[in-house]
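Structural overview
What follows is each chain in one-letter form.
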Amino acid sequence: MVNAAPNLDARTHTEECSFKRIVNDLLELGVFRAIDYAFAEFVYQQEVNLAEDLRLQVALLAGYVSLQTGEQHTCIELKELAKLNLAGFVLPDAEGLFQSLQQANTVEILASDIQATGKYSSPLILQNNKVYLQRYWQYEVNLAGKILEMAVKSHDLNIIETQTLLTGLFPKDKCVQTEELDWQKIAVCIASSQKFSVISGGPGTGKTTTVTKLLALLQGLAAKQNKVLNIQLAAPTGKAAARLTESIRGAKSKLPEPLQNHLPEQCQTIHRLLGALPMSPYFKTDQFQPLHLDVLVLDEASMVDLPLMAKLFDALPKQAQVILLGDQDQLASVETGSVLADICQPYNLNLGGDKLAGYSPKMYDRLSQLIDGLSDLILEQGVQIHANERAVTHLIKQEPFGLQDNLVQLVKSHRFSDDSGIGQLAKAIKTGDVVLVQDLLKEKSFTDINWYQLKQNSVKNNQKVVSEQILKQLITKLLPVFKLYLKAIKQGDLALAFNCLHQQQVLCAQKTGLWGVEQINSLMENELHQQGLIDKSKDFYTGRPVMLSKNDHQLKLFNGDIGLVMPDPNQADLIKVWFITPEGEIRGLLPSRLPSHETLYAMTIHKSQGSEFESVYLCLPLVNNNYGGRGLSRELLYTGLTRAKKQFYLFAQPQALALSLSQQCKRSSGLAQRLHNSKAT
Ligand SMILES: Nc1ncnc2c1ncn2[C@@H]1O[C@H](COP(=O)(O)OP(=O)(O)OP(=O)(O)O)[C@@H](O)[C@H]1O
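Residues numbered from 1 in each chain as written. Predicted model: local features only at pLDDT ≥ 70, side-chain atom pairs only at ≥ 80, totals over all residues. Heavy atoms only, no water.

Where an unreviewed UniProt entry is consulted, the protein appears under the name RecBCD enzyme subunit RecD, with the organism given as Paraglaciecola algarum. Recorded under Sequence similarities (unreviewed entry), the UniProt text for the protein is reproduced unchanged: "Belongs to the RecD family." Per its UniProt entry, the protein bears the Catalytic activity (unreviewed entry) comment "ATP + H2O = ADP + phosphate + H(+)". (UniProt positions renumbered as here; feature names shortened; annotations may be inferred.)

Given below as structure tokens:
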């Protein structure tokens, strides 16, 4: 409903000035970005019929929603906007805001049960007490609609044929032999019959192994009908795609030969799969020109943002089966949303008896048919089958609900044993238990985790001096591998040089400042220069390791690819930057052709997503009066730690560690609610 039109002529110049004053202040204070300012102004101009106070409320709220979207939130809760002070203008409480928005032209208020219906032209949408920019509401609704549509589709498996193939893939039936559920086998059984499934789990829990067996099963079943499935593998970054290519090859080679038939090996980026268009947010494929595939496996799904995931699902053909792989505890995507965490939200709730914790009777029956001895095991052990499983601890008969039958979480790490410090620490970080995390780090019996404590302020040990001393220790620890690396380059042994770069990696929470990437890069360069091992006066000096920060599809080089500078063995005066492709091909490029890049003695934790190293040196910035810990989070720490395969070194103040554990990277979104509160039909 629109307000009775006020006398527009009577609107005073002072009122316009008041809006301008507030948005200018917000811009100057660095609260609003130019785009938030412009959006607030646009809404203000549209709402000429509103009384001035309401007009200001709606326009400032619009600017603030735009700002939140820039902070990667999909929407903002009305209650978070309530009483917000924007440069002296205080928004009303949630009820007052709702009433104001009801009168606005620029806001569409929707009932809570609307899923993927309707297109709205108003710039803002209010639904379930959340305010969205229209475009993000559309992405969220489209994606939820597609996922729910797929989630209820299951196909009937031929039980005998499936059992035979499962026996080949899982020769020892651990379910019965060890009286412990083999969740990898359960994951294969669940994902094989569902059009949509998610296999989530931490590092080394066997996601790739499981999905390779799943694909072998699907191809095996298709072969019985003289069909070959078109299976595509995709990942959000070139680096992650290369890693999946490598690990799926490894997992495939471990399968019995007949089961390896028609298994894909090559993984591509989502952008390449969808067909990126130059200078456009759109792709060659969409709902009108869908992808040609039967099965899509998407790895590192936690890195995929809402708009891209929505576009990917939009481009899926009707018959497609989709399997998402990822670790929902990792950092969310760099851009808007936290899609995987929202899909896996049931695992993050305190589930005691929650409906979402179990599978439906239909799924339970199917699993019992496919896995010998499963029913007996469940009867014997009651509902608490696997005490260590975090959430999917019981298979109880319930009504179908949301994504109940589509999620599997693998928790047993095959990379870290129970007595490994990295494994224990990863579990403790996820709970945010500061005392436990500190105890584990101080525990001498774990030789794979080490903590270099930056002391709190003290009279004798001033923070800066202590920090500098420990920085020197870090550089000293890194030196042996870098010396080996530079020796390998001198000998022209590229394979060994790249191997050295995978041996160790410094990961920083921040790019700039103390303990940031730039500082460590510069210290390392200085040290190597002083020791006469490099000549840092040249930009592209022999031995400089670099990491690309942009994709170059023509050159087939991707953001995150690692290269090193070395003279061409056939022409010593020609300096090139060398890369090794996932296929093992060595490529040398003139520095002038190199896409945007950075020096790589250290990288940010964000950039390390999708990579792993033998040893990880994780650096947290100093928390003090100038820096209060913004950007530190539990997910950041977990992501950094889980990049380490063998050794983990933490360089942090206790205060910075505690702050990281206490802060969680929460993104406002309505996706989880749409997915999990809907009753399956
Ligand atoms: N059931 C199992 N029994 C023994 N070893 C296993 C099992 N599952 C996986 N592994 C081994 O554990 C290692 C990690 O497995 P895989 O690569 O499948 O895990 P992942 O979850 O994909 O790991 P990440 O994504 O962290 O690289 C591999 O060496 C694999 O061979």
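As a further point, take the sheet that holds strand β1 (residues 75-77). One open sheet holds the four strands; their spatial order is β1-β6-β5-β4, and the pairing between them is mixed. In the strand order of this sheet, the two ends are held by β1 and β4 (107-110), each with one partner. Between one strand and the next, the sheet's axes are offset by a mean angle of 25°, whatever the strand orientation. As paired strands, strand β5 (residues 124-127) and strand β6 (residues 130-133) are joined by four bridges and run antiparallel to one another. Paired with Gln-127 across the bridge in β6 is Lys-130. Relative to β6, helix α3 (residues 52-70) is tilted by about 75°, and along the sheet it contacts β1, β4, β5 and β6. Running at roughly 115° to β4, helix α5 (residues 94-102) makes contact with β4, β5 and β6 of the sheet. (Pairing = 2+ DSSP bridges. Helix = DSSP H or I, 4+ residues; strand = E, 2+ residues; numbered from the N terminus. Axes fitted to C-alpha atoms, helices over the stretch in contact; angles between N-to-C directions. Contact = heavy atoms within 4.5 Å.)

Before going further, it helps to examine empty space enclosed by the protein. The final tally for this structure, using the stated rule, is three cavities of 30 Å³ or more. Approximately 40 Å³ is the volume attributed to the second largest cavity. As for the second largest cavity, its lining consists of Leu-478, Phe-482, Cys-500, Leu-501, Gln-504, Gln-505, Val-506, Leu-600 and Tyr-601. Sorting the residues of the lining of the second largest cavity by element identifies α20 (463-490), α21 (494-503) and β14 (504-508) as the ones contributing at least two each. The element that contributes the greatest number of residues to the lining of the second largest cavity is β14, accounting for three residues. Tallied by class, the residues present in the lining of the second largest cavity amount to seven nonpolar, two polar and no charged. (1 Å grid on protein atoms, 1.4 Å probe; cavity = no way out; pocket = protein on both sides within 12 Å on 5 of 7 lines; lining within 4 Å. Points joined across faces, edges and corners; volume = space filled by probe spheres on them. Nonpolar A, V, L, I, M, F, W, Y, C, P; charged D, E, K, R; others polar.)

Once that is clear, we can look at the site of the ligand. The full set close to the ligand counts 15 residues, and Lys-207, Thr-208, Thr-209, Arg-243 and Lys-254 are the nearest of them. One nitrogen or oxygen atom from the main chain of Gly-206 is found 3.0 Å from an oxygen atom belonging to the ligand. One of the side-chain N or O atoms of Arg-415 is found 3.1 Å from an oxygen atom in the ligand. Relative to its unbound accessible surface of 630 Å², the ligand loses 71% to contact with the protein. When residues of the shell around the ligand are assigned to their parent elements, the largest contribution, three residues, is made by helix α10 (residues 207-224). When the residues that make up the shell around the ligand are grouped by side-chain class, the tally is one nonpolar, eight polar and six charged. (Near = heavy atom within 4 Å. Polar contact = N/O pair within 3.5 Å; in protein donor to acceptor, adjacent residues only side chain to side chain. Areas by Shrake-Rupley, 256 points an atom, 1.4 Å probe, with all protein chains shown as cover.)

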